[in-house]
Amino acid sequence: MDALLPAIAGSRQATALETLDRLGSNPPQVLLLEGGTEAERMDAARYWACRLNCPQAAPSPCLHCPVCRQIACGEYLDWAAYDGRISNREDEDNPGSVRAFNMANVRELKARLRDALHGDGRRVVLLMGLGLAREEAANALLKALEEPSPTTVFVLLAPQREQLLPTLISRSFCLTLPWPDSRREDVGIREWEDMLAKFVLDGTGFLDKTALKGSVDQDVASRLLLSCSRTLCRLIAGQNVNALDAALNPLDAMGKLNASRWLEEAHEALLYGVTPARVLQAFAMRLFVLRRQSPTAQRSAKITAPRP
Ligand SMILES: [Zn+2]
């Protein structure tokens, strides 16, 4: 497992994998995997496909045979993956093993669902990045998700189920992977957290500091984004322990969802080589505006405003 599905190696996801092993004897038509990190959700989905297709699954997949290996690298013929975050342009220019979740691809997929299987297991269709904006393509698939099929099962991935259309959630068997440890603090990044918290409140300091030549490198940027992830996890769990938590606490549920979406975009921008300072500045400005717009923050601003 270490080599094949590294994100779920070790004991952290062991209970979730046991659940998948058990579910495999009577697989739900739609499985929703939430929680964990993005890499853990992805590897758990691959594990599920291995569970349903590995000829030696008894009940755990072997994770060594050719079927398991092909699934792990996205080349198995009864495996298809779609991501709503991939643009149509990217999909046309460079179609990878994960395709864009758009109407054209959904139509093609629906036609494919009628084809016979290549192997002896189940066809597994993975859907991720299904933010609420992908309603049209998701609705086009609803019927397929609804009708029990002897050949095909679907897996939906989302950080939290609330990020999906309620119609999708109600059709799904939900499995929550353990969340990333939200209590672990990165003390080396505390100063940056405090600066970001101050900026979210009053719009000062952070941009000047990040604009200084050499002040932000890839390491600082990705650690600060990680600590923002932990802040959002804590807020969702109703905890509020540091300055950044306090600054973002007034966000309503929609605000927290937006923040976590932008956080994923910021992580991606870093991965694709955007200048770390630019990534942090753009993210900080979005948080600043978001907090200004949050109903709770507006209410408390009104209370403290001097009367004429
Ligand atoms: Zn196998």
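Every chain begins its residue count from 1, and numbering advances along the sequence as written. Side-chain atom pairs in this predicted model are given and counted only at pLDDT of 80 or more, local residue features only at pLDDT of at least 70, and totals for whole chains, interfaces and linings cover all residues.

**Some words on the overall build of the chain**
Selection rule: Helical segments are the DSSP runs of H or I of at least four residues, strand segments are the runs of E of at least two, and each set is numbered from the N terminus. A radius of gyration in this sense is built from C-alpha atoms; the matching globule rule multiplies 2.2 Å by the number of residues raised to 0.38. Partly exposed residues are those whose C-beta has more than 12 but fewer than 20 other C-beta atoms within 10 Å; with 20 or more the residue is buried, with 12 or fewer it is exposed, and the C-beta atoms are placed from the backbone. Placing a C-beta atom from the backbone of each residue, one calls two residues in contact when those atoms lie within 7 Å.
On a plain count of helices and strands, the chain comes out with 14 helices and six strands. Over its C-alpha atoms the chain spans a radius of gyration of 21 Å, differing by no more than 12% from the 19 Å that the globule rule assigns to 308 residues. C-alpha atoms of the chain, sized along the principal axes, occupy 70 × 40 × 40 Å. A total of 308 residues make up the chain; the buried ones form 37% of that total. Across the chain, contacts joining residues at least 24 apart in sequence account for 72% of those joining residues at least 6 apart.

**What about the nonpolar core?**
The following threshold applies: Only buried residues count toward a nonpolar core: Ala, Val, Leu, Ile, Met, Phe, Trp, Tyr and Cys, linked into one set through C-beta atoms within 7 Å.
One finds Trp48, Leu126, Val155 and Leu156 to be the most contacted residues of the largest nonpolar core, which totals 55 residues. In this structure, Val155 is in contact with Leu31, Leu33, Ala45, Trp48, Val124 and Leu126, ignoring residues within four places of it in sequence.

**A look at the confidence of the model for the chain**
Put simply, the test is: pLDDT measures how confident the predictor is about each residue, on a scale from 0 to 100.
On average, residues of the chain carry a pLDDT of 87, and 92% of them reach 70 or more. In the predicted structure, residues 303-308 sits below a pLDDT of 50 and forms zero contacts with residues beyond four places in sequence or in another chain.

**Section: unusual backbone geometry**
Note that the residue after Ala58, namely Pro59, is joined by a cis bond; omega there is -10 degrees. Within the secondary structure, Pro59 is located in the loop between α2 (38-53) and α3 (66-72). Phi is positive for Leu63, which is not a glycine, with a value near 60 degrees. On the secondary structure map, Leu63 appears in the loop between α2 and α3.

**Focus on the pairing of strand β5 (residues 152-157)**
Here is the rule we go by: Strands are labelled as partners when DSSP assigns at least two bridges between them.
Of all six residues that make up β5, six are buried, and the element is covered over most of its length. Burial along β5 is two-sided: the face carrying Thr152, Phe154 and Leu156 and the face carrying Val153, Val155 and Leu157 are both buried. The pairing of strand β1 (residues 30-35) with β5 spans four bridges and is parallel. Bridged to Val30 within β5 is Phe154. By the bridge criterion, six bridges tie strand β4 (residues 123-128) to β5 in an arrangement that is parallel. Counterpart to Val125 in the pairing with β5 is Phe154.

**Here's the deal with the domain arrangement of the chain**
Let me state the cut-off plainly: The start and end points of each domain follow an automatic or database-based domain assignment. Three residue categories are used. Nonpolar comprises Ala, Val, Leu, Ile, Met, Phe, Trp, Tyr, Cys and Pro, charged comprises Asp, Glu, Lys and Arg, and polar comprises the others, including Gly.
Assigned domains of the chain: these are domain 1 (6-177) and domain 2 (187-294). Computed over C-alpha atoms only, the centres of domain 1 and domain 2 are separated by 30 Å. The interface of domain 1 with domain 2 comprises four residues on the first partner and four residues on the second. Of the residues in the side of domain 1 that touches domain 2, the class split is one nonpolar, two polar and one charged.

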